[in-house]
Amino acid sequence: MIASLLERKIEKRPDNVRLKGRILFLTEDPELIKRQLAGWDLPWDTKNPANNPKLRDDISTDEITPAHYCFYFDETLGEIPYLGLKCGGVLPVGRGEVKKGGFVAAVSGKRRGKGSSREQSPYAELCAGIRLVIAENIERIYKQNCQNLGVLTSTNFGLIEKVRAGEEIPLTEFTQGEDEITRQIIEYGGLFPFNVARLQGKVFLPPIQTQARPMTVAEKIFARHMIHDKDQVGVAAVKPGDAGFARADLRFSHEYVTPMAAIFFEQLVGKEAPVNDASSIIFFRDHLTFLDEVISEEKRKMGLLDLATQLKFKQQDFAKSRGIKLHGELRDRKGSEGICHSIVLESYALPGQLNVGSDSHTPHVGAMGCVAFGIGTTDVFNSWITRDVRVRVPESVKVVIRGKRRANATAKDFILKILSLDYVRSGKALAKVMEYSGEAIEELSVDERATMTNMAAEIGGFTGIVAPDKKVVEFLVERRGMERKRAQELIAGLDSDSGAEYAHVIELDAADITPMVATPGDPGNGKYIREMNTPVPVEIAYGGTCTAGKNEDMDMYARVLAEALRQGKRVAASCKFYIQFGSQETREYCVRKGYLDVFKRAGATVIEPSCGACINAGPGVSTRPEQVVISAQNRNFPGRSGPGQMYLASPLTVAASAVAGYICEYEPAEQRELVGA
């Protein structure tokens, strides 16, 4: 494998680039987008920005490439960028229109590319002719995926005039402010050509020379994993901005990403080439297990269900040919072994590790006290060659939640509160480590901490982490059967030093946080339920996904439904309540606890493990725009889980709302009895 790459001819890009084509401005006004697609060029005043139409903010990867189009993993994706983009309640972009329009650049507002790590999004733009993305700020994974593919990114709106005038633009315009490695990746036109040049000794990898300093827990883990002289691992210390390659303990991917990465690998490395250390690679079939139950007849006729099946087969074949562990579908019933994040937390991740996965919610296992982050397809297939990943040590934000939480408040309420803060909504937390601490966090179980670290993805953070403590030791002893001494050894030294530096500190009092929802459209639309003026009836309640399909989430659903049964109540006739396990281990836990009987008697529908409704691929999705859903999942971007109006909430709130038939706070029975007395 290496021999063929050593002979590959690799050259840098020219020092200047000229982008020939039109610019597509993604505005809030759908008519302006339609007119541009029809051939009209929107005037743009770079000197007086206030004169320009409002650009769309918060464009998610779900809107760039809706989930069902990600079944394609070839240049067909060039026909579908922005098909899910909603402006003024309208979807202004039709299939193939961007590619036909001759656009070379796309411009938008704040937080471009938020959400899923799917590299299909920038790849679709690339295949449609987009070579440059301009936005006020750009989410980390999306930006890195662009760089890996060779798509240029910038926050400099002054480039608009240069592109329109057909002027040459110095390549340094896109490399300034970047670390040495990112600069070279841009110069070589992508991660793979850079890595080939790296194997050939043509690139410069700056040594990390940071002297001993107080470090955060995440910085300590980065320092342990950074590669230095001749493939040696570990440096004395790191600081934010230090860049290099880090040796990954685990690399995992699921059927949405593995096939595209496998195609890249076979085309660029070799059909028969082995992967580097198959024992530390894991594949999962967890996203599309129930797709056939919800896919529309229109999409069936488009052949999308068949395409989704091909994803499964391609992953199976590649896993078998390379000796890679695959957690796949069940053989005796419909469903999967489990969602990747759930299984990695339950069975694989260890304190102090550095783990990467093909999903933005990879930070889930930060609850174990490891650094875990999502990567795109190109990063995935390159890691199969080198066993390492590109890293620029991020700054950290410390989130301190003090005091004791209310009986009806959960980790989900904590994270919805954090997401609603101006610091997060303005994009200031982008690409930073979210380190959660304080008495209220220490009191949370590992399962509940995972909700916090999981949704660092919605913050736009690099990852989320909780310093491992006795709760992690108990988790490893009780759920993994690990010897207590070994578990205690693993967490030793994994805490933040007293003098560690943070970009920002967020302090909250747990007593101030009452049950919340995120109103439709964005997880950052947090609102206290008690401040909602009128009742919101719900037709669908959904409890599941990696965020809310864990053991303790099941405890919460069962607690609410058992109390309802004791009061002679069930799930409201006007509402369907779906409960979906995150893994078979969680299902077995529910069997042992007698929860399946509680769920059944209360009128809930139980579903085997899968990502399901969270990605519009299983029971629990909405089918009409006016349909209201309350869900314990992590995202409510437009169209992500059907066309309806989705509110995000905690497992307690979701279950209580399912029983009431409208959104409401869960009120513990002991409190009700106290009030009644």
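Residues numbered from 1 in each chain as written. Predicted model: local features only at pLDDT ≥ 70, side-chain atom pairs only at ≥ 80, totals over all residues. Heavy atoms only, no water.

## Describing the overall build of the chain
Inclusion rule: Under the DSSP-based scheme used, a helix requires at least four consecutive residues in state H or I and a strand at least two consecutive residues in state E, with every element numbered from the N terminus. For a compact globule the rule gives 2.2 Å times the number of residues to the power 0.38, and the radius of gyration it is set against comes from C-alpha atoms. Burial here depends on accessible area, computed with a 1.4 Å probe over protein chains only, as a share of the maximum for the residue type. Under 20% is buried, over 50% is exposed, and the range in between is partly exposed. Whether two residues are in contact is decided by their heavy atoms, any of which lying within 4.5 Å being enough. Accessible surface area values rest on a Shrake-Rupley calculation with a 1.4 Å probe, where residue burial reflects the displayed protein chains alone. Only four residue types enter the charge count, namely Lys and Arg as positive and Asp and Glu as negative; His and the chain termini do not. To locate a charge, take NZ of a lysine, CZ of an arginine, CG of an aspartate or CD of a glutamate.
Secondary structure summary: the chain contains 29 helices and 26 strands in total. A globule of 677 residues ought to have a C-alpha radius of gyration of about 26 Å, and the chain, at 24 Å, matches this closely. Looking at the chain as a whole, 63% of its 677 residues are labelled buried. Counting contacts in the chain only where the partners sit at least 6 residues apart, residues at least 24 apart contribute 75% of the total. Surface accessibility of the chain: about 25000 Å² in total, with carbon and sulfur atoms responsible for 48%. Each charge class in the chain can be summarised by its mean position, and for the 87 positive and 88 negative side chains these summaries are 2 Å apart.

## Brief notes about the packing of aromatic side chains
What counts, and what does not: Two rings from Phe, Tyr or Trp (for Trp, the six-membered ring) form a pair when their centres sit within 6.5 Å of each other. Planes less than 30 degrees apart are called stacked, planes more than 60 degrees apart edge-to-face, and all others tilted. Two thresholds decide whether a charge sits over a ring: the Lys NZ or Arg CZ must be within 6 Å of the ring centre and within 35 degrees of the ring normal.
Taken as a whole and assessed by the stated rule, the structure comprises 17 aromatic pairs. Each ring, one from Phe265 and one from Trp384, has its centre 5.9 Å from the other, and the planes form 65°; the classification is edge-to-face. One end of the pair, Phe265, is in helix α12 (residues 258-268); the other, Trp384, is in helix α16 (residues 377-386), and 119 residues separate them in sequence. The burial state of Phe265 is the same as that of Trp384; both residues are buried. Among the aromatic residues, ring-to-ring pairing joins Tyr123, Phe192, Phe264 and Phe381 into one connected group. Seen from the ring of Phe462, Arg140 lies directly overhead, with NZ or CZ sitting 4.3 Å from the centre.

## Some details on unusual backbone geometry
Keep in mind that most residues, glycine aside, have a negative phi and that most peptide bonds are trans. Phi is positive for Arg387, close to 65°, though the residue is something other than glycine. In this structure, Arg387 sits in the loop between α16 and β15 (388-392). Using a relative accessible area of 22% as the deciding quantity, one classes Arg387 as partly exposed.

## Description of empty space enclosed by the protein
Note the threshold: Using only the protein atoms, space was sampled on a 1 Å grid; points where a 1.4 Å probe fits but cannot get out form cavities, open sets with protein on both sides within 12 Å along at least five of seven lines form pockets, and lining residues are those with an atom within 4 Å of a point. Grid points are joined across faces, edges and corners, and a volume is the space filled by probe spheres set on the points. Amino acid classes used here: Ala, Val, Leu, Ile, Met, Phe, Trp, Tyr, Cys and Pro are nonpolar; Asp, Glu, Lys and Arg are charged; the rest, including Gly, are polar.
Following the criterion strictly, the structure yields 4 cavities of 30 Å³ or more and no others. Along the wall of the largest cavity there are 22 residues; nearest its centre are His254, His287, Asp359, Ile615 and Arg640. Of the residues belonging to the lining of the largest cavity, the class tally is 7 nonpolar, 11 polar and 4 charged. Of the pockets and cavities examined, the second largest cavity occupies roughly 130 Å³. Gly115, Glu139, Ile141, Ala457 and Gly461 are the residues nearest the centre of the second largest cavity, which is lined by 15 residues in total. Looking at the lining of the second largest cavity, the element that brings in the most residues is helix α6 (residues 140-149), giving 3 residues. A breakdown of the residues in the lining of the second largest cavity according to their chemical character gives 5 nonpolar, 7 polar and 3 charged.

## Here's the deal with the environment of Ser154
To be explicit about the condition: N or O atoms within 3.5 Å of each other form a polar contact, as long as, within protein, one can give a hydrogen and the other can take it, and as long as residues adjacent in sequence are counted only when both atoms are side-chain atoms.
Along the chain, Ser154 turns up in strand β5 (residues 152-154). The exposure class assigned to Ser154 is buried, which follows from its relative accessible area of 7%. Sequence separation between Ser154 and Asn137 is 17 residues, and the spatial gap between their C-alpha atoms is 8.4 Å. The contact partners of Ser154, leaving out residues within four places of it in the chain, are Leu132, Val133, Ile134, Ala135, Ile138, Leu159, Glu173 and Phe174. A polar atom in the side chain of Ser154 sits 2.9 Å from the backbone nitrogen of Asn156.

## Quick notes on the nonpolar core
Test applied: What is meant by a nonpolar core is a set of buried Ala, Val, Leu, Ile, Met, Phe, Trp, Tyr and Cys residues, joined one to another through side-chain atoms within 4.5 Å.
Residues Tyr82, Phe222, Phe373 and Trp384 are the most contacted members of the largest nonpolar core, which totals 105 residues. Here this core gets 6 residues from one element, more than from any other, and that element is helix α14 (residues 304-322). The contacts of Trp384, once residues within four sequence positions are left out, are Arg251, Ser253, Thr258, Ala261, Ala262, Phe265, Val275, Asn276, Ile281, Phe283 and Phe318. Residues Val538, Phe577, Ala604 and Val659 belong to the second largest nonpolar core, which totals 41 residues.

## Topic: the sheet that holds strand β12 (residues 325-327)
Operational definition: Two strands are counted as paired when DSSP detects at least two bridges linking them. Orientation is described by axes fitted as lines to C-alpha atoms, over the contacting stretch for helices, and by angles from 0 to 180 degrees between their N-to-C directions.
One open sheet accounts for 5 strands, arranged β12-β11-β10-β13-β14; its pairing is parallel. Here the strands that pair on one side only, and so sit at the sheet edges, are β12 and β14 (371-374). Ignoring strand direction, the axes of neighbouring strands in this sheet form an average angle of 20°. Pairing of strand β13 (residues 354-357) with β14, which is carried by 4 bridges, proceeds in the parallel orientation.

## A few points about the pairing of strand β11 (residues 281-284)
Note the following rule: Seen with the strands pointing away from the viewer, any crossover whose path from the first strand over the helix to the second strand runs clockwise is right-handed.
Both faces of β11 are covered, namely the face carrying Ile281 and Phe283 and the face carrying Ile282 and Phe284. Relative to β11, strand β10 (residues 250-254) runs parallel, the two being bridged by 4 bridges. Bridging from a neighbouring strand, Phe252 pairs with Ile282 of β11. The handedness of the β10 to β11 crossover, carried by α12, is right-handed. In this sheet, β12 lies alongside β11 in parallel orientation, the contact comprising 3 bridges.

## Examining the pattern of salt bridges
For clarity, the threshold we go by: One speaks of a salt bridge when a side-chain nitrogen belonging to Lys or Arg is within 4 Å of a carboxyl oxygen belonging to Asp or Glu.
All told, the structure shown has 50 salt bridges when counted by the stated rule. The salt bridge partner of Asp62 is Arg118, with a shortest N-O separation of 3.2 Å. Residue Asp62 is found in helix α3 (residues 61-64), and its partner Arg118 is found in the loop between β3 (103-107) and α5 (120-127); the two are separated by 56 residues along the sequence. For the residue pair Asp62 and Arg118, the accessibility class agrees, reading buried in each case. Among the ionic pairs, Glu665 bridges to Arg530, the shortest N-O distance being 2.9 Å. Linking Glu665 in the loop between α28 (651-660) and α29 (669-676) with Arg530 in the loop between β21 (526-528) and β22 (540-543), this pair joins segments that are 135 residues apart in sequence. Here the salt bridges share partners, and the residues they tie into one network are Lys12, Glu180, Arg183 and Glu187.

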